[in-house]
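# Structural features, examined
As a plain string of letters, each chain reads:
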Amino acid sequence: MNVQSPPEKLTARDFATDQEVRWCPGCGDYAILKAVQNTLAQLEADPKSTVFVSGIGCAARFPYYMETYGFHTIHGRSPAVATGVKLSNPELDVWVVGGDGDMLSIGGNHTMHAIRRNIDLQILLFNNQIYGLTKGQYSPTSKIGTRSPSTPMGSIDNPVSAAQFALGVGGTFIARSSDILQKHLPEVLKRAHGHRGTSFVEIFQNCIVYNDGAFKHFTEKSVQDEMQIHVEHGQPLLFGKDKSKGLVLNTSEMRLEAVTLGENGITEADIAVHDETNRSLATMLAQMDPPTMPVALGVLYCESAPTYDASVHAQIEHARKDGEGDFTKLLHGGQTWTVE
Amino acid sequence: MSEVAAIDRPDENRQEIESAVVRFAGDSGDGMQLTGSHFTMTAAIEGNDLSTFPDFPAEIRAPAGTTFGVSAFQINFGARKIMTSGDQLDVLVAMNPAALITNLADVKPGGIVIADSGAFTDRNLTKAGYTESPLENDSLDGYRLVKIDMSRLTVEAVKEFGLSNKEGLRSKNMWALGLIYWMYGRKRQASIDWLKTKFAKMPEIADANIAALNAGHAFGETAEMPAELGTFEVERAQIEPGVYRTITGAESVSLGLLAGSQLAGLNISFCSYPITPASALLHQLARMKNFGVVTFQAEDEIAAATAALGASYAGSLGVTSSSGPGIALKMEAIGLAIGTELPMVIVNSQRAGPSTGLPTKTEQSDLYQAVFGRNADAPMPVISVSTPSDGYDVAIEAIRIATKYMTPVMVLTDGYITNASEPWLIPDPSTYERFDVEFRTDPENFHPFLRDEKTLARPWVKPGTPELMHRIGGIERSYDTGHISYDPDNHQKMTDVRAAKINGIADDIPEQEVEIGAAGGKLAVVGWGSTYGPINRAVTNMRDDGYDVSQIHLRYIWPLPRNLEELLKTYDQVLVAEMNTGQLRTLLRSEYLVPAEGLNKVNGKPFLIGELEDAIRARLEK
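Summary of the structure given here. The shown structure was predicted, so the numbers you read here are calculated from the model rather than taken from an experiment.

### What to know about empty space enclosed by the protein
Residue and element names in this part refer to chain B.
- This model, assessed by the stated rule, comprises three cavities of 30 Å³ or more.
- Size it by volume and the largest cavity reaches roughly 70 Å³.
- If you trace the largest cavity, you find it lined by F53, P54, D55, F56, T360, K361, T362, G415, Y416, N419 and G604.

Here it is, written out as structure tokens:
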């Protein structure tokens, strides 16, 4: 076999396959693909030990475009497939990619259990609040009133908040970013990669064909300063142009409030400081919605906890502490007798 | 309790019999399964061949005294080869009225009915649906009825240990066991040893149970015993020499999965979700961690199947297990395994359906689901387990086929086999031929759907292998590159090659043999799975009576053995006996255009030998 020494420095191109990318022109998935390829290059990830697993949907085509190992599976089941991959070989670096329908509707159960088990995966949820591949039906994250082929008079069911869901089921790493934040997104992905356990990253992604502008109320240039807050552990929760606004904790009502520095005697000392190990704070941040509050982006929550895959293999190692099992002895288990 | 009491005196006047069928029946809290398994262990140690059948309710602990809370354990043991757990009972031990009313119909005319008269209270009689005690009227005149107040005698026997009345009564099953041991001249020592070990930390419980066991035995020995009760001797059977153990189907399949994975040189990832009667497999394998076995109790059946497939993708042997309704949920994942051509083993412990059906009752009604139950043209090998011990070899064979041909394989077993037990001549693992998996590591001309010319199998690559990074998935793959392809002609080609690969397995499995009898003749009784025992005994009996009948029993359901069509066409009549409404019969008729007829039942119970004999007689005397 030909042994080739890897190039000195990997680039994003090293993680791109020769396959023609088949998303709609202008789809937010292109930007996410580029961010992921950049991130892996910057992390100097080993392509042969990296696996991308996906379910069904536009986002689920992702593995075909990554020059790593990849498994495009069935609708909603990618977290369960990835669980099997990781349990079988914990050395692999396993990424799961899917959309809001895939991971929160048909596959919501698997997403929940992967997160609560804290198996060491990066789960990237591309949230575009719509079903793209099936041509535009409303999704479990669509806002009430979404008009779609299946809801011509507007959708009537409450949407789920991906980040709040992940926090609620005991996630140990919950972060948010957006397809258009090409500097922010790779930094979040790097944190996700560094975390041991299930790293859940919700990426707001624009579907240019069926739900164009779903997030423009906080992503457009004209509003992004006022309608986004980029949280960082240990840093005051400031946002707005010139960081003139911030969040304070109203302790009597147990909620966050947006304030302007200098108004009503507010100083920077009044501004809450982000503590990513505080699940209550993370939940309050995840709940914030425009127009009264900015959307919180960045690492909302991160805690260190045992991973499922490590614990499974620790039990196996414990069972083998006195040596590998003796199969002949196992066959002769229980009561035996000899017939002469 | 002194050891002296456990001496078992030989009885010169025992009646010698070839075999006997005994059923212990009582409340699900009465410990009937334990009682039965003790009697089984002792019969095995004393050299009988045997077969057992536990029959327990779907409810975990149904209200005491009710008919739906009756739990029973049947054992057929003999001095000859035992093929089934027995059609009719020689002895029924009924611990209460509900046990009597639900089991009496199975007692042979003139058979022995031993009833705990102490449990035949007005309250219990009413719960069972009796308006008057059957022990006091003439309704049991056709049987040899033995009324014993086992409840009172047990409480008396254990009172010296300071247990409450309720606690004392819990040893009633051991009292009954002691009596049956006496009836058949069995030694008590194995049970006494077991009780001492089991209750080592609760010596008063151990002593009470041993006292009850001895008291039941002593009751038989003394003059107190009614004359209706005979004493019997069942000689040792002619059995192949070697070391034996008893084994259930769940045990044999789990041991076979481990053995097969070792022969393939693979780690096993067993992913499952609890379901009756398949859970026993998960429990068995969860205790094999010292062999590197990964077990994963998934959040649902679908996750179990997909996690198993993920494990196979990563280079382990992925195995999932369930029963009918759970298998239905796994089918989309199995379709993905067929499309991506990854090895996987699916164990289906069939039960009565549709839907929840009768979860604790056996059936063979998933053959269609196994062979045909997926969207699109999705062929998959299916093999079946015929006896409780057969699961060992069948599981190994499933792994051999799955890994050699890069395909999921379904193993069909059933609720009867899973729970039933029989003696097993423990095999020597070193006598099995290895079939080590060779993972692809060579990047030269590699693509993921490059096929082996002979087997048509694609290469298996472990993620982590340098220079072989590739993507696979559910979208149709190009025959020539392995990349996704929407080309219609390519889909035709891939569909054809997937079918050819599975059909080709017929060249790699044994030709179908005639189990009893010979090719050609008036009638072949064809079966598969757990009907093996009763068909075998029935055909043997009928041949002894001069009937021209043969037994053909299939292990391979799909693909079918190469010679099967030719073989079936040598008989004047083909009778397919199965516990469904005719699924194998349909398959054989559609594949071979043979005029096969069916003998079918779905009452949750295995075939009786008599039912099969009647059917054979009817066809050969018409």
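More follows now that the structure is in view.
### Looking at a nonpolar patch on the surface
- Together, I208, V209 and Y210 of chain A make up an exposed nonpolar region whose accessible area comes to about 240 Å².
- For Y210 of chain A, the location among the structural elements is in the loop between β6 (199–204) and α7 (216–219).

### A few points about the interface of chain B and chain A
- Contact with chain B, which involves 72 residues of that partner, is made by 61 residues of chain A.
- Taken over both partners, the interface formed by chain B and chain A buries close to 5500 Å², and the fraction arising from carbon and sulfur atoms is 64%.
- Among the residues of chain B in contact with chain A, E299, M469 and R471 of chain B are the three that bury the most area, contributing 13% of the side total.
- The interface formed by chain B and chain A contains two salt bridges.
- Among the salt bridges present, the one from E299 of chain B reaches R117 of chain A, with a minimum N-O distance of 2.7 Å.
- There are 23 residue pairs in polar contact (both at pLDDT 80 or more) connecting chain B and chain A.
- Counting residues per element, the ones that place at least two in the side of chain B that touches chain A are α1 (32–45), β9 (242–248), α9 (249–264), β11 (294–297), α11 (301–313), α12 (324–340), β16 (421–425) and β17 (471–473) of chain B.

### Digging into the side chain of N128 of chain A
- Examined against the element boundaries, N128 of chain A turns out to sit in the loop between β4 (122–127) and α5 (162–168).
- The contact partners of N128 of chain A, leaving out residues within four places of it in the chain, are D100, Q205, C207, N211 and F215 of chain A.

### Some words on unusual backbone geometry
- Across the junction of P290 of chain A and P291 of chain A, the peptide omega takes the value 5°, indicating a cis bond.
- Tracing the sequence through the fold places P291 of chain A in the loop between α9 (279–287) and β11 (295–302).
- Phi is positive for M254 of chain A, which is not a glycine, with a value near 50°.
- Mapped onto the secondary structure, M254 of chain A falls in the loop between β9 (245–250) and β10 (255–260).
- Judged by relative accessible area, M254 of chain A falls into the exposed class, the value being 54%.
- One non-glycine residue with positive phi stands out, namely A376 of chain B, at about 65°.
- Counting through the fold element by element, A376 of chain B comes out in the loop between α13 (367–372) and β14 (382–384).

### Regarding the sheet that holds β10 of chain A
Residues and elements named next belong to chain A.
- Ordered by their spatial adjacency, three strands build an open sheet running β8-β9-β10, and the pairing between neighbours is antiparallel. Looking along the sheet, the strands with just one partner apiece sit at the ends: β8 (238–239) and β10.
- Sheet analysis places β8 next to β9, joined by two bridges and oriented antiparallel. Counted as the bridge partner of L238 is G246 from β9.
- Sheet strands touched by α9: β9 and β10. Its angle to β10, the strand with the most contacts, is close to 60°.

### Concerning the environment of Q15 of chain B
All names here are of chain B.
- As for its placement among the helices and strands, Q15 is situated in strand β1 (residues 15–17).
- Along the sequence, Q15 and F232 sit 217 residues apart, while their C-alpha atoms lie 4.6 Å from each other.
- Setting aside its immediate chain neighbours within four residues, Q15 contacts T231, F232 and E233.

### Examining α1 of chain B
Residue and element names in this part refer to chain B.
- Helix length check: α1 (14 residues) gives 20 Å between terminal C-alpha atoms against 20 Å at 1.5 Å per residue, within 8%.
- Counting buried residues in α1 gives ten out of 14 residues, a clear majority hidden from the surface.
- What α1 keeps buried is the set M32, T35, G36, H38, F39, T40, M41, T42, A43 and A44.

### A look at the packing of aromatic side chains
Residues and elements named next belong to chain A.
- Across all of its chains, the model carries 25 aromatic pairs over all chains by this definition.
- Judged by centre distance (5.7 Å) and plane angle (85°), the ring pair of W23 and Y30 falls under edge-to-face.
- For W23, a relative accessible area of 7% puts it in the buried group.
- Ring centres of F204 and F218 lie 5.3 Å apart, and the angle between their planes is 80°; this geometry places the pair in the edge-to-face category. Residue F204 is found in strand β6, and its partner F218 is found in helix α7; the two are separated by 14 residues along the sequence.

What counts, and where the lines are drawn
- Residues numbered from 1 in each chain as written.
- Chains lettered and ligands numbered in written order.
- Predicted model: local features only at pLDDT ≥ 70, side-chain atom pairs only at ≥ 80, totals over all residues.
- Heavy atoms only, no water.
- 1 Å grid on protein atoms, 1.4 Å probe; cavity = no way out; pocket = protein on both sides within 12 Å on 5 of 7 lines; lining within 4 Å.
- Points joined across faces, edges and corners; volume = space filled by probe spheres on them.
- Patch = residues over 30% accessible without salt bridge, like charges linked within 9 Å, V, L, I, M, F, W, Y side chains within 5 Å.
- Areas by Shrake-Rupley, 256 points an atom, 1.4 Å probe, with all protein chains shown as cover.
- Salt bridge = Lys/Arg side-chain N within 4 Å of Asp/Glu carboxyl O.
- Helix = DSSP H or I, 4+ residues; strand = E, 2+ residues; numbered from the N terminus.
- Contact = heavy atoms within 4.5 Å.
- Buried area = accessible area lost by both parts, 1.4 Å probe.
- Polar contact = N/O pair within 3.5 Å; in protein donor to acceptor, adjacent residues only side chain to side chain.
- Buried < 20%, exposed > 50% of the residue type's maximum accessible area, 1.4 Å probe, protein only.
- Pairing = 2+ DSSP bridges.
- Axes fitted to C-alpha atoms, helices over the stretch in contact; angles between N-to-C directions.
- Expected span 1.5 Å × (residues − 1).
- Phe/Tyr/Trp six-rings, centres within 6.5 Å; stacked < 30°, edge-to-face > 60°.

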